[in-house]
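Descriptive analysis of the structure
Chain by chain, the residues run as shown.
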Amino acid sequence: MRRANAKGRPVDDLASRYFESDMRRVRAHEPPEGLVESGRRSPERPLIPDGLLRAFAAAVCAGSIAFLPGLMRGDTPLREAVARALREKTYQQYVPNLERMMTIIRDSFERKETI
Amino acid sequence: MEHIPSGLSIVRSLSGSQRAREECLRGLWRDLYPRLAVFIRSFDRRNEAEVEDLAQEIMEKIFKNIDSYKPKYGFSTWAFAIARHHCIDRSRRRRTEPDTVSLWDVPGPSLPSHGSTPENAFLANETDARVAFFMETLDPDLRQLAFLRFHQRLGYREISRIMGAPVGTIKFRVFRFRKMLLAHLEGENA
C-alpha cells in the first residue's frame, strides 16, 4: 500500500482540509421566516401536536404525574414545558379544567421557544 | 473561502435603511451559517439535524444581539464567542438530560452509497483519512481550536477571546495540536 508522505505536507494545511471537507457537507439554508425582518423566527410548525398536549394536560390534571416522565421520553422541550407548568404549582386550581391546563403547557412551551 | 464583511461596515449597514439592514443580515447568514455548523460539530459530535437546530439558535441569538456588537473586535470573534458559549450551555444541559429522541426527529430513508460522493472521494485519500481519524478522536476543545486557527485563520488573540483562555495557553495548545497530528501521521507511516 502506498504510504502517505506526511512530512512533505504541513500539518496546518491537512487540518484545514479536514474542516473544509466538513464545510462542503453543510447544506445551504435560508434564514427561517421572520428572522431577518424582525430578529425572531416565526413558528414553522405547530409547536405541540394537539393530541399529545391533551394527553399531557390530562395526566397533569389527573395527578398522574408519575406517568409523565415516561410519556415525555421523546421530547425534551416539551418535558421542560410541562415541568415548568408543574413548577408553577398553579395546576391544582385548574383541575379538572383540561383546556386551561393545555393553555398553560402550550404557553410555557412557546415561551421557551422565544430565545 | 467567503469573508464576513468588516465589523465597521456591518455596523453601518445595520444603522441604515431597513432594506440595507435586511440585506446585511442575509449576507451574514450566508457567510456565517456554514462556519457555525462546522464549529458546532467540532465541539460536539452531534447529528446533522441537531447541528442545524443549534446553528439556527445561535444565528437567532446573534441577530437578536447584533445591535450590541462593537466593531473594536472582529465580527467573527464576537459571533464565535456567542456560539461557543451557547454550545457549552447546551452541552451542560444535555449531560443532565436523559438520552432522548425528539418527537420531530423522524428518520429519513437511508440512501445507498454509490462510492462517488465527495465524502468518499475525500476518504479515498489515505492521509486525509488518517487526519479525519485523528480529528474524530481529538479532545473537543482542541478540535475547535484547530478549526479557528487553521481553517478560519484567526489570530491567537481572537481565539483567546473566543475560547476564554490566555493567549499563551492558546499558543501552547496550537503547538501541541501540531505535534500530536504529526506524531499520529508519522506513527502511521512508521
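Keep in mind it's a predicted model, so treat the numbers as computed, not measured.

1. Let's talk about the overall build of chain B
- From N to C terminus, chain B includes nine helices and zero strands.
- Secondary structure elements of chain B occur, N-terminal to C-terminal, as α-α-α-α-α-α-α-α-α.
- Taking all contacts inside chain B whose residues are at least 6 apart in sequence as the whole, residues at least 24 apart take part in 66%.
- Total accessible area computed for chain B in this model is approximately 10100 Å², and 53% of it derives from carbon and sulfur atoms.

2. Quick word on the side chain of Arg21(B)
All names here are of chain B.
- Positionally, Arg21 belongs in helix H2 (residues 18-43).
- Looking at Arg21, the relative accessible area reads 19%, which means it is buried.
- If sequence neighbours within four positions are ignored, Arg21 has contacts with Ser13, Leu14, Ile66 and Asp67.

3. What about empty space enclosed by the protein?
- Following the criterion strictly, the structure yields one cavity of 30 Å³ or more and no others.
- Here the largest cavity defines a volume of roughly 70 Å³.
- Around the largest cavity, the lining residues are Arg25(A), Val26(A), Arg27(A), His29(A), Tyr33(B), Ala37(B), Arg41(B), Glu48(B), Val51(B) and Glu52(B).
- Breaking the lining of the largest cavity down by element, the ones donating at least two residues are H2 and helix H3 (48-65) of chain B.
- Across the lining of the largest cavity, the residue classes tally to four nonpolar, one polar and five charged.

4. Let's talk about helix H1 (residues 11-24) of chain A
- A rise of 1.5 Å per residue sets the reference length of H1(A), with its 14 residues, at 20 Å; its end C-alpha atoms lie 20 Å apart and thus fit the reference within 8%.
- When we look at burial in H1(A), the residues that qualify are Val11(A), Leu14(A), Ala15(A), Ser16(A), Tyr18(A), Phe19(A), Ser21(A), Asp22(A) and Met23(A).

5. Quick notes on the pattern of salt bridges
Residues and elements named next belong to chain B.
- This structure, assessed with the given rule, holds six salt bridges over all chains.
- Between Arg21 and Asp67 there is a salt bridge, with the nearest N and O atoms lying 3.2 Å from each other. You can see Arg21 sitting in helix H2 and its partner Asp67 sitting in the loop between H3 and helix H4 (75-96), a full 46 residues away along the chain.
- The shortest N-O distance in the salt bridge between Asp141 and Arg84 comes to 3.1 Å. Remark: Arg84 occurs in helix H4 and Asp141 occurs in helix H7 (residues 140-151); sequence separation between them is 57 residues.
- Under the relative-accessibility criterion, Asp141 is labelled partly exposed at 28%.
- Judged by relative accessible area, which is 7%, Arg84 ranks as buried.

6. With respect to the confidence of the model for chain B
Residue and element names in this part refer to chain B.
- Put simply, chain B has an average pLDDT of 78, and 77% of its residues get 70 or more.
- In the model of chain B, helix H5 (residues 118-124) stands out as the element of lowest mean pLDDT, 54, in contrast to helix H8 (residues 156-163), which has the highest, 93.
- Contacts for the low-pLDDT stretch residues 98-115, under 50 throughout, to residues beyond four places or in other chains number 21 contacts.

7. A word on the nonpolar core
- Among the nonpolar cores identified, the biggest contains 60 residues, and Ile62(B), Phe63(B), Phe75(B), Met135(B), Leu148(B) and Phe177(B) are the most heavily contacted of them.
- Of all hydrophobic cores here, the second largest spans six residues; its members include Phe56(A), Met101(A), Met102(A) and Ile105(A).

8. Let's talk about the packing of aromatic side chains
- In this structure the tally under the stated criterion is twelve aromatic pairs over all chains.
- When the centroid spacing of 6.3 Å and the interplanar angle of 65 degrees are considered together, the rings of Trp29(B) and Phe63(B) count as edge-to-face. Of the two residues, Trp29(B) is situated in helix H2 and Phe63(B) in helix H3; the sequence distance between them amounts to 34 residues.
- Exposure remark for Phe63(B): the relative accessible area of 3% places this residue in the buried category.
- Each residue in the set Tyr18(A), Phe19(A), Phe39(B), Phe80(B) and Phe147(B) is aromatic and connected to the rest through ring pairs, giving one cluster.
- Over the ring of Tyr156(B) we find Arg149(B), and its NZ or CZ is 4.1 Å from the ring centre.

9. Some words on a positive patch on the surface
Residues and elements named next belong to chain B.
- Together, Lys70, Lys72, Arg157, Arg161 and Lys171 make up a positively charged patch on the protein surface.
- Take Arg161: it is sitting in helix H8.
- Its relative accessible area of 41% is what places Arg161 among the partly exposed residues.

10. Description of the side chain of His184(B)
All names here are of chain B.
- By the secondary structure assignment, His184 is in helix H9 (residues 167-189).
- Here the side chain of His184 touches Arg130 through a polar contact of 3.2 Å, landing on its backbone oxygen.
- Contact partners of His184, with chain neighbours within four places excluded, come to Arg130, Phe133 and Phe134.

Conventions and cut-offs
- Residues numbered from 1 in each chain as written.
- Chains lettered and ligands numbered in written order.
- Predicted model: local features only at pLDDT ≥ 70, side-chain atom pairs only at ≥ 80, totals over all residues.
- Heavy atoms only, no water.
- Helix = DSSP H or I, 4+ residues; strand = E, 2+ residues; numbered from the N terminus.
- Contact = heavy atoms within 4.5 Å.
- Areas by Shrake-Rupley, 256 points an atom, 1.4 Å probe, with all protein chains shown as cover.
- Buried < 20%, exposed > 50% of the residue type's maximum accessible area, 1.4 Å probe, protein only.
- 1 Å grid on protein atoms, 1.4 Å probe; cavity = no way out; pocket = protein on both sides within 12 Å on 5 of 7 lines; lining within 4 Å.
- Points joined across faces, edges and corners; volume = space filled by probe spheres on them.
- Nonpolar A, V, L, I, M, F, W, Y, C, P; charged D, E, K, R; others polar.
- Expected span 1.5 Å × (residues − 1).
- Salt bridge = Lys/Arg side-chain N within 4 Å of Asp/Glu carboxyl O.
- pLDDT = per-residue confidence, 0-100.
- Core = buried A, V, L, I, M, F, W, Y, C linked by side-chain atoms within 4.5 Å.
- Phe/Tyr/Trp six-rings, centres within 6.5 Å; stacked < 30°, edge-to-face > 60°.
- Lys NZ or Arg CZ within 6 Å of the ring centre and 35° of its normal.
- Patch = residues over 30% accessible without salt bridge, like charges linked within 9 Å, V, L, I, M, F, W, Y side chains within 5 Å.
- Lys, Arg positive; Asp, Glu negative; His and termini not counted.
- Charge placed at Lys NZ, Arg CZ, Asp CG, Glu CD.
- Polar contact = N/O pair within 3.5 Å; in protein donor to acceptor, adjacent residues only side chain to side chain.

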